[in-house]
Structure formats: C-alpha cells, structure tokens
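One-letter residues, chain by chain:
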Amino acid sequence: MGKTTAAVNLALALADRGARQVCLVDLDLAFGDVAITLQLFPSHSIEHAIGSEDMLDFHLLEPILTRHEDSLMVLAAPSTPDARDRITPTLVARTLRVLAENFDFVVVDTAPAFDELTLTALDEVDECVMVATLDVPTLKNVKVALETMDALGIAQGHRHLLLNRADDEVGIGAEKVEAILGLRIAAQVTTSVEIAAATNAGRPIVAAKPDHASSAQFQQLAARLSGTPAAPTPASTMKATNPQSPREERGGFFRRRR
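Residues numbered from 1 in each chain as written. Predicted model: local features only at pLDDT ≥ 70, side-chain atom pairs only at ≥ 80, totals over all residues. Heavy atoms only, no water.

Enquirer: How would you summarise the nonpolar core if you had to cite specific residues and measurements?
Expert: Generally speaking, soluble globular proteins have nonpolar side chains that are buried together. In terms of nonpolar packing, the biggest core is built from 34 residues, with Val22, Leu24, Leu38, Leu72 and Leu162 touching the most fellow members. For this core, the leading source of residues is helix H1 (residues 3–15), giving nine residues. Setting aside chain neighbours within four positions, we find leucine 72 in contact with Ala11, Leu12, Val22, Cys23, Leu24, Leu38, Thr66 and Arg67. Core analysis: the second largest hydrophobic core is formed by 24 residues, Leu29, Leu75, Leu91 and Val92 among them. (Core = buried A, V, L, I, M, F, W, Y, C linked by side-chain atoms within 4.5 Å. Buried < 20%, exposed > 50% of the residue type's maximum accessible area, 1.4 Å probe, protein only. Helix = DSSP H or I, 4+ residues; strand = E, 2+ residues; numbered from the N terminus. Contact = heavy atoms within 4.5 Å.)

Structural data, given as structure tokens:
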C-alpha cells in the first residue's frame, strides 16, 4: 500500500458512503494514480482550470470534477505529465480554497517531493498525514520530511502518522518508529493481500470490505481527523501470505472545511 492507496481509502472513510461531502485531489501532477486506483476515466482534470486563477470559483471548478460511485468527488491529475509545468502555485492554492469552501473535507494526495506545488498545498492544509513503513530508508525519508516541515513551520501539532505494513517482522517495532520520528502513530495498517486485490479491482478496501481490519484503521483515522466517534477496531487482523515489496512512502494531506 502506497500513499495514493492510503489517500483514497482515507477519503472514502471520511465520505462514509455519502454521509459527508468529500473531494479527493490528485496533486501528483506528473504521475498521479488516484483515477486509475478508483477505475475512473475522467474527461477533465485540474489541467482544465489552467488560466482561470483570477476568476476560479466553484461554478467553474465543479464541471471538471469526476464523481466516484461512493459519493466521492475527484479532481484528477492531468493525463499527460507535461501539463504539470503549466499549473501554477496560485492555481493550486485557489483550487484548494474553493474546494474547502464547498466540501466538508478535502483530501490531497501530493507528489512525494517538496516541490513548489507541494509546498503551496502544504500551506493550505489543516492536518497532515504521513505514511511510513518499517524500513530504515523510508523512516529516514520521513524524518527528513518532518524536519523540513519543522523548518518551514508546516502543520505543527497537526501531523498524523499512518504506519503501513505494521506487522512486518524486521526488527523495528511501533515504539521504535515513534521514538525515531518523534511522532505518535495514529493508525496501523497490516500487510494484507486483500488490500492489493481490492485496489486492483477498483474497489479500495474501505469500499469493498468496510468490516475488514484495515478498513477499521482508516475509519478510525477518519474519525480522529473529523472529530467524530469511531467504532472499535476488530481484535484480529488479517496478514497476507505474499507481502508487498518495500517502497518509500511519504505524505498524503488532508484539509477540513473551516
């Protein structure tokens, strides 16, 4: 499970099958996977808002959103990577502000780097979710990301750690992760072949199996971010027989309507 899978499942958990209005924004503009993860085929993307920075409002923005079947709206990344160079920080900031005024929650899946557009998005967030796994390279990268955010004064006191593959037996436990990063773990998702299977089927685990232990973790994280009570986490978790290979993880960002 990567940051996009985490962002998609968090957005679905926040939407709670239509109980809340949620928009998921794919700001990994060159390599965004939100649409394909949800098996959406958008006819429009954020690219279609280029040039409207000074006049952008919800009347102009709403037609370029794509509806997911579970009452989730998606602002897709461009279909071609070169469009990224024509998207300005001003457009990103204005887009997020307009969406925040019209949705209960806006979840932003950023690029895995502190480029200008990502920093612009971070300036707009209320809460920040960091995704980490139990391997030294990833923890080093997350540590550097947190130190960078400290230096820039981003989301201080509003950061949440999502630990992926939390059941990996690699000599690094949850307590050590918290000590290394100086951040308490908000949710732990264990390795599960069912997460990959649900994602490959275009029905992320929160939608496909809301009673799954991993879904419960996303639901509890959503409850924490939204300030609403969460159902108890199931006592048992499901472990995959073919764990996914390690990869670097970083951020998924969240905004709440003020």
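Now that the structure is up, let's keep going.
Enquirer: How would you sum up the environment of valine 8? Please name residues and give values.
Expert: Mapped onto the elements of the fold, valine 8 is located in helix H1. Along the sequence, valine 8 and leucine 72 sit 64 residues apart, while their C-alpha atoms lie 9.7 Å from each other. Other than its neighbours up to four places away in sequence, valine 8 contacts Leu24, Val34, Thr37, Leu38 and Pro204.

Enquirer: Can you tell me about the pairing of strand E7 (residues 185–189), naming the residues and giving the values?
Expert: Both faces of the sheet carry side chains from a regular strand, because those side chains alternate between them. Most of E7 sits inside the fold, with four of its five residues counted as buried. Sheet analysis places strand E6 (residues 159–164) next to E7, joined by four bridges and oriented parallel. What sits directly across from asparagine 164, in E7, is valine 189. (Pairing = 2+ DSSP bridges.)

Enquirer: So what about the packing of helix H4 (residues 89–102) against helix H5 (residues 116–124)? Which residues, and what values?
Expert: Where H4 meets H5, the axes come as close as 9 Å, and the angle between the chain directions of the two elements is 30°. Taken together, the axes of H4 and H5 are roughly parallel relative to one another. Handedness of the crossing formed by H4 with H5: right-handed. Between H4, through Pro89, Val92, Ala93, Leu96 and Arg97, and H5, the contact on the second element is made entirely by Glu116, Leu117, Thr120, Ala121 and Glu124. By residue class, the composition of the contact of H4 with H5 is six nonpolar, one polar and three charged. (Axes fitted to C-alpha atoms, helices over the stretch in contact; angles between N-to-C directions. Parallel < 35°, antiparallel > 145°, perpendicular 65-115°, else oblique. Left-handed = near helix turned anticlockwise from the far one by under 90°. Nonpolar A, V, L, I, M, F, W, Y, C, P; charged D, E, K, R; others polar.)

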